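# Chains, contacts and geometry: an overview
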Amino acid sequence: MGESLRTGEDGLARCGWVGDDAEYRRYHDQEWGRPLHGDRALFEKMSLEGFQAGLSWITILRKRPRFREVFAGFDASVVASFGEDDVERLMGDPGIIRNRAKILATISNAAIVRDMSEGELDALMWSFAPVAAPRPRSFADVPATTPASDALSRELRRRGFRFVGPTTMYALMQSGGMVDDHIEGCFLAA
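As a starting point, this report considers the structure included with it. All of these numbers come straight from a predicted model, not from anything done at the bench. (Residues numbered from 1 in each chain as written. Predicted model: local features only at pLDDT ≥ 70, side-chain atom pairs only at ≥ 80, totals over all residues. Heavy atoms only, no water.)

## So, the overall build of the protein
- Secondary structure assignment for the protein yields nine helices and two strands.
- Going residue by residue from the N terminus, the α and β elements of the protein occur as β-β-α-α-α-α-α-α-α-α-α.
- Its C-alpha atoms give the protein a radius of gyration of 17 Å, near enough to 16 Å, the size a compact globule of 190 residues would have.
- Within the protein, contacts between residues at least 6 apart in sequence are counted, and of these 65% link residues at least 24 apart. (Helix = DSSP H or I, 4+ residues; strand = E, 2+ residues; numbered from the N terminus. Rg over C-alpha atoms; globule rule 2.2 N^0.38 Å. Contact = heavy atoms within 4.5 Å.)

## A short note on the packing of aromatic side chains
- All told, the structure shown has nine aromatic pairs when counted by the stated rule.
- Between Phe-67 and Phe-71 the ring centres are 6.2 Å apart and the planes differ by 15 degrees, which places this aromatic pair in the stacked class.
- Here the aromatic rings of Phe-71 and Phe-74 are separated by 5.6 Å at their centres, their planes lie at 15 degrees, and the arrangement is stacked.
- Judged by its relative accessible area of 1%, Phe-74 falls in the buried class.
- Taken together, the aromatic side chains of Phe-43, Phe-51, Phe-67, Phe-71, Phe-74 and Phe-82 make up a single cluster linked through ring pairs.
- One cation-aromatic arrangement involves Arg-89 over Phe-82; the distance from NZ or CZ to the ring centre is 5.4 Å. (Phe/Tyr/Trp six-rings, centres within 6.5 Å; stacked < 30°, edge-to-face > 60°. Buried < 20%, exposed > 50% of the residue type's maximum accessible area, 1.4 Å probe, protein only. Lys NZ or Arg CZ within 6 Å of the ring centre and 35° of its normal.)

## Looking at the pattern of salt bridges
- Scanning the entire structure with this criterion turns up 20 salt bridges.
- We note a salt bridge from Arg-26 to Glu-23, for which the minimum N-O separation is 2.9 Å. One end of the pair is Arg-26 and the other is Glu-23, both in helix H1 (residues 22–30) and three residues apart, which spans about a single turn.
- Overall, Glu-23 belongs to the partly exposed group, its relative accessible area being 28%.
- Linking Asp-86 and Arg-89 is a salt bridge whose minimum nitrogen-to-oxygen distance equals 3.2 Å. In this pair, Asp-86 and Arg-89 both sit in helix H5 (residues 84–91), three residues apart, roughly one turn of the helix.
- Taking the relative accessible area as the measure of exposure, Asp-86 reaches 22% and is therefore partly exposed.
- Judged by relative accessible area, Arg-89 falls into the partly exposed class, the value being 38%. (Salt bridge = Lys/Arg side-chain N within 4 Å of Asp/Glu carboxyl O.)

Below is the structure:
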């Protein structure tokens, strides 16, 4: 099957990035590539993808419960009200990624989401979901960015969002099911 696929102990072929990590396997099998809807869920995904920039996703995945706790379940109205004391509290929390720029971006982005109409973030993001493309046959066929992720990134930045570059937005599109990049031969490749 090559490096693009990996067969687990359960006999199922999965995208090779899953490796042997049980949490990655659960994430791949139950979350990654499944359509994600809802302003709060997409704000969380946008925030976590932004925190992931420059790091591995497994790091974020393992810290996700703490992120949810300290960012009020990614309730944009609550996060938007965070002040300097909250920023300092977050900077001192080893359970999350302590990057001031990313923390400030999450708070700033929350204010934008808070001021949007209910369902607007969901509709905006999904409006950039491309039509189905051929399934990738290997990792080499999976792009880092696409015209759709470039366009989504531009629109979000135009609205004032931060840490929403094209690569980050393509990762969100993959994980949120806007594109299906399960490698050909993965048991989830339909």
